[in-house]
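What follows is each chain in one-letter form.
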Amino acid sequence: MTNGHYGPYGGRFVPEALTAALDELDAAFRSAKEDSAFMQELRALERDYTGRPNPLTYAKRFSEHCGGARVYLKREDLNHTGSHKINNVLGQALLTQRMGKKRMIAETGAGQHGVATATAAALFGLECTVYMGLEDTRRQALNVARMKLLGAEVIPVTAGSQTLKDAINEAMRDWVASVDTTHYVLGTVTGPAPFPEMVRYFHSVIGIEAREQILGIEGRLPDAVVACVGGGSNAMGLFSGFMDDEQVILRGYEAGGDGVETGRHSARFSGGTPGVLHGARTYVMQDQWGQTAPSHSISAGMDYPGVGPEHAWLHDTGRASYEPVTDAEAMEAFAILSKTEGIIPAIETAHGLAGAMRIGKELGPDSVVIVNLSGRGDKDVATAARWFGIDLGSTVTNELSPEMREGR
Amino acid sequence: MTRHVSEAFAIAKSENRAALIGYLPAGFPNPELSVKLINAMVTSGVDIIEVGLPYSDPLMDGPVIQQAVDQALAAGTTTDVVLDIVKQVVDAGAIAVVMSYWNPIERYGVERFAAGLEAAGGSGVIAPDLTPEESGDWSVASDAHFVDRILMVAPSSTDARINAIVSVTSGFVYAASTMGVTGARTTVSSGAHDLVTRTRAATSLPIAVGLGVSTGDQAAEIAAYADGVIVGSAFVRRVLDAANDEAAIEAVSKLAQELAAGVRR
Ligand SMILES: Cc1ncc(COP(=O)(O)O)c(C=O)c1O
């Protein structure tokens, strides 16, 4: 990586008004990394507030659905606020203080990043505004309520497709006008430099822990590490720990929506082309004129037409590979994990779980696979209930649909 | 022969005034009417036209231009249509530059776009999200096709940064008056004057001020220290508010006349 580039990808494609702020952020990030007081403060927060290290759980019964591979779950769902997103947010919140800024803004799709940012704002006494597509405020209503309870202002975005992409546009517009006092806490490994590198850095703790844990348990490296890829932050955090272990397969799973062939999906690597979106060159879902194409996924956090630029480079170099997982496959994995392990995953995460089922069958028995359990599924209960035909009106639960009863 | 922005600035200078630069998205509210609107701007005193290339994710634009661009896209305004509109307005007498986010140009093909713009008689490109660091291919293509590269400076730009920007800029420098997105504002930020002074120290190119300018008085105020005054959202607003096509042309002409008088005060 040089100057925020990963091969032809990454870089900075932003209005000049943001250049000074990105330079300031870059300098603050680089000096903080080398500052032992900063790093001690971050590690203490990770331990005492987030609850790290979180476990690497052997999923014995789930493994039976994965071709007999031994599947381990990296338990980011057990972090405070319920997903990996807090790792990045705590790092950026400390940087916000370091830069002397008083306000944080964020975009959110699933609401997990918004909740994490609202949480850190409360903890540090900072003002917080979260932009969220109107469509996403509906499908992730629980997280909207959480953000408000935490004292954040939530602004529904009605422009465009009313999802994550439009929330990012709106957050950028806010930031251009407020950059003197405000830090934009970007929630994934996308955007202009230094965001992709910095967000990866704050999530690298996932891969560092997982590597140490698997060596402790299995006495060897895994055959594959897999994760869902929305923007790509949880995947990059896990992958980074194994990047130099060339025998370890790195595989990301994107949202295949209704199926890549239907056009209703968010699979950038199957259905996108290189382009520039939200400040970086990367794979983008776009038409022949470079207009962003609508994305689709049952999962708000996967419903995004771009992807982190480092993933684009890993894809082109072949170090990592990426496959689509449909809504239906993800929901099947969601049900299976719930029924076999007593863990309800986020629907984003369920795409990675479906991937574990697929790659486990590829690699066969005796293989070892780590899947990033990036978040818990409380926020998705209403969506899942609708999918499985559970009547939320009659709360007592012998009304479960046959699918749900049988874990289909 | 393409008429370049340098000609417009030279004429304005010889008349001891600032140049007036007006923006409208191509294809807004539809391709046919947008040509008439732009022609009306030219006959009413706009010296340089910024033809907007509609893009799905205009993150530097406020709600007024977002709405206009959505209408233009819905009306089928592709990049080919934009280049055709440039040709039509140039043929009718305009000096025109294209204002476009970077992705549509990259997708069209950097060389192909520069060639297409040259063929249409377009004079330059303003790409608000293209930085000097990412301008390599574009510098080659734009030079090859005599297309000006108009980059922006902002109040937050350091002097070193301004130097880097003007070193790859041609035609004129676009000075963003304020930290923020496009849209009319009641006062033009005092930071604009300071920015023009700092930019002046780095280049002999003309400097035009934009973002937030909407009235003849504001145009006059800026014309006192800048070489050009750029107005966008105010023109768009007139079209959005008009009851019919004739009223839109009328309202745009009136605003152009007010602004043209402003830069001559
Ligand atoms: C639990 C969970 N996993 C994954 C994602 C996708 O983001 P990323 O690919 O950046 O990890 C989200 C995003 O909202 C999420 O909430």
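The rules behind the values
Residues numbered from 1 in each chain as written. Chains lettered and ligands numbered in written order. Predicted model: local features only at pLDDT ≥ 70, side-chain atom pairs only at ≥ 80, totals over all residues. Heavy atoms only, no water. Contact = heavy atoms within 4.5 Å. Buried area = accessible area lost by both parts, 1.4 Å probe. Salt bridge = Lys/Arg side-chain N within 4 Å of Asp/Glu carboxyl O. Polar contact = N/O pair within 3.5 Å; in protein donor to acceptor, adjacent residues only side chain to side chain. Helix = DSSP H or I, 4+ residues; strand = E, 2+ residues; numbered from the N terminus. Nonpolar A, V, L, I, M, F, W, Y, C, P; charged D, E, K, R; others polar. Buried < 20%, exposed > 50% of the residue type's maximum accessible area, 1.4 Å probe, protein only. Core = buried A, V, L, I, M, F, W, Y, C linked by side-chain atoms within 4.5 Å. Domains from an automatic or database assignment. Near = heavy atom within 4 Å. Areas by Shrake-Rupley, 256 points an atom, 1.4 Å probe, with all protein chains shown as cover. 1 Å grid on protein atoms, 1.4 Å probe; cavity = no way out; pocket = protein on both sides within 12 Å on 5 of 7 lines; lining within 4 Å. Sits in = over half its atoms within 2 Å of the grid points. Axes fitted to C-alpha atoms, helices over the stretch in contact; angles between N-to-C directions. Parallel < 35°, antiparallel > 145°, perpendicular 65-115°, else oblique. Left-handed = near helix turned anticlockwise from the far one by under 90°. Pairing = 2+ DSSP bridges. Right-handed = clockwise from strand over helix to strand, strands pointing away. Points joined across faces, edges and corners; volume = space filled by probe spheres on them. Expected span 1.5 Å × (residues − 1). Arc of directions from axis to C-beta.

Here the focus is the interface of chain B and chain A. Between chain B and chain A, the contact holds 34 residues from the first and 33 residues from the second. Of the roughly 2,800 Å² buried at the junction of chain B and chain A (both faces included), carbon and sulfur atoms supply 50%. On the chain B side of the contact with chain A, L59, R107 and E134 of chain B bury the most area, a combined 25% of that side's loss. Counting every contact that joins chain B to chain A gives three salt bridges. The interface formed by chain B and chain A includes 20 residue pairs in polar contact (both at pLDDT 80 or more). Elements that contribute at least two residues to the side of chain B that touches chain A include exactly helix 3 (63-74), helix 4 (79-91), helix 5 (102-108), strand 6 (152-153) and helix 8 (159-167) of chain B. Broken down by element, the residue count for the side of chain B that touches chain A peaks at six residues, all from helix 5 of chain B. Of the residues belonging to the side of chain B that touches chain A, the class tally is 17 nonpolar, nine polar and eight charged.

Geometrically, the link from R52 of chain A to P53 of chain A is a cis peptide bond, its omega value of -5° lying close to zero. Looking along the chain, the bond that leaves F28 of chain B and enters P29 of chain B is cis, with omega of -5°. Mapped onto the elements, P29 of chain B comes out in the loop between strand 1 (19-25) and helix 2 (31-43). At H278 of chain A, a position not held by glycine, the phi torsion is positive, near 50°. Note that H278 of chain A resides in the loop between strand 12 (273-277) and strand 13 (280-284). Within the chain, F146 of chain B stands out as a residue other than glycine whose phi angle is a positive 60°. Checked against the element boundaries, F146 of chain B lands in the loop between helix 7 (136-144) and strand 5 (148-150). Classification of F146 of chain B by relative accessible area gives exposed; the value is 57%.

Core analysis: the largest hydrophobic core is formed by 161 residues, its most contacted members being F113, W138, F172 and F235 of chain B. When residues of this core are sorted by domain, at least three fall in each of domain 1 (13-46 + 84-193) and domain 2 (50-80 + 202-386) of chain A. With sequence-adjacent residues up to four places away left out, F113 of chain B is seen in contact with L53, T79, L83, V98, I105, Y108, V125 and W138 of chain B. Of all hydrophobic cores here, the second largest spans 31 residues; its members include F62, A335, I347 and A384 of chain A.

To continue, consider the site of the ligand. Residues and elements named next belong to chain A. Surveying the vicinity of the ligand reveals 19 residues, the closest of which are T188, G230, G232, S233 and S374. In this structure, N234 approaches the ligand through a side-chain N or O atom, which is 2.7 Å from an oxygen atom. Protein contact buries 97% of the 390 Å² of open area that the ligand shows by itself. Of the pockets mapped on this structure, the ligand occupies the largest cavity. Elements with a contribution of two residues or more to the shell around the ligand: helix 10 (233-240) and helix 14 (347-363). Taken together, the residues that form the shell around the ligand break down as four nonpolar, 13 polar and two charged. Taken domain by domain, the makeup of the shell around the ligand includes at least three residues from each of domain 1 (13-46 + 84-193) and domain 2 (50-80 + 202-386).

Before going further, it helps to spend a moment on the packing of helix 10 (residues 216-223) of chain B against helix 12 (residues 245-263) of chain B. Residues and elements named next belong to chain B. Their axes nearest at 7 Å, the elements helix 10 and helix 12 cross at an angle of 30°. Considered as vectors, helix 10 and helix 12 are oriented roughly parallel to each other. Of the two elements, helix 10 crosses helix 12, and the hand of that crossing is right-handed. Contacts between helix 10 and helix 12 involve G216, A219, A220 and A223 from the first element and E258, L259, G262 and V263 from the second.

Here the focus is the pairing of strand 8 (residues 207-210) of chain B. Residues and elements named next belong to chain B. Residue alternation in strand 8 divides its side chains into two sets, I207 and V209 and A208 and G210, and both sets are buried. Bridge count between strand 7 (residues 173-176) and strand 8: four bridges; the pairing is parallel. Of the residues in strand 8, the one forming a bridge with V173 is I207. The handedness of the strand 7 to strand 8 crossover, carried by helix 9 (residues 191-200), is right-handed. In this structure, strand 8 lies alongside strand 9 (residues 228-231), joined through two bridges in parallel fashion. For A208, the partnering residue across the bridge sits in strand 9 and is G228. As for the winding sense of the linkage, the β-α-β connection from strand 8 through helix 10 to strand 9 is right-handed.

Here we take up empty space enclosed by the protein. Residues and elements named next belong to chain A. Throughout the structure, instances matching the rule amount to 10 cavities of 30 Å³ or more. Estimated volume of the largest cavity: approximately 300 Å³. Along the wall of the largest cavity there are 28 residues; nearest its centre are H84, K85, A110, G301 and E348. Mapped by element, the contributors of at least two residues to the lining of the largest cavity are strand 5 (103-108), helix 5 (112-124), helix 8 (164-178), helix 10 and helix 14.

Moving on, we come to helix 4 of chain B. Residue and element names in this part refer to chain B. A rise of 1.5 Å per residue sets the reference length of helix 4, with its 13 residues, at 18 Å; its end C-alpha atoms lie 18 Å apart and thus fit the reference within 8%. Turning to helix 4, its buried residues number three or more, namely T79, V82, L83, I85, V86, V89 and V90. The buried residues of helix 4 occupy an angular sector of 155° when the element is viewed end-on, so they sit on one face. Residues of helix 4 that are buried in the fold lie against helix 2, strand 2 (48-52), strand 3 (96-99), helix 5 and helix 6 (110-120). Just beyond helix 4, the residue with positive phi is G93, at close to 120°.

With that settled, the discussion passes to the sheet that holds strand 8 (residues 182-184) of chain A. Residues and elements named next belong to chain A. On the basis of which strands lie adjacent, the open sheet formed by four strands has the order 7-6-5-8 and parallel pairing. Pairing within the sheet leaves two strands with one partner each, and these edge strands are strand 7 (153-157) and strand 8. Taking each pair of neighbouring strands and ignoring which way they run, the sheet shows an average axis angle of 20°. Examined bridge by bridge, strand 5 and strand 8 share three bridges and lie parallel to one another.

What follows concerns the environment of A242 of chain B. All names here are of chain B. Positionally, A242 belongs in the loop between helix 11 (233-241) and helix 12. Its relative accessible area of 22% is what places A242 among the partly exposed residues. Sequence spacing of A242 and V252 is 10 residues, and the spatial spacing of their C-alpha atoms is 9.5 Å. In this structure, A242 is in contact with A247 and A248, ignoring residues within four places of it in sequence.

Residue and element names in this part refer to chain A. Taken as a whole, this structure holds 44 salt bridges over all chains when the rule is applied. Across the pair K74 and E209 runs a salt bridge, and its minimum N-O distance is 2.7 Å. Here K74, found in strand 4 (residues 70-74), pairs with E209, found in helix 9 (residues 195-218); they are 135 residues apart in sequence, far enough to count as distant. By relative accessible area, which is 0% here, K74 ends up buried. The salt bridge partner of D77 is R75, with a shortest N-O separation of 2.9 Å. With respect to burial, D77 and R75 carry one shared label: buried. Shared partners join several salt bridges into a network, and the residues in it are R251, E323, E329, R358 and E362.

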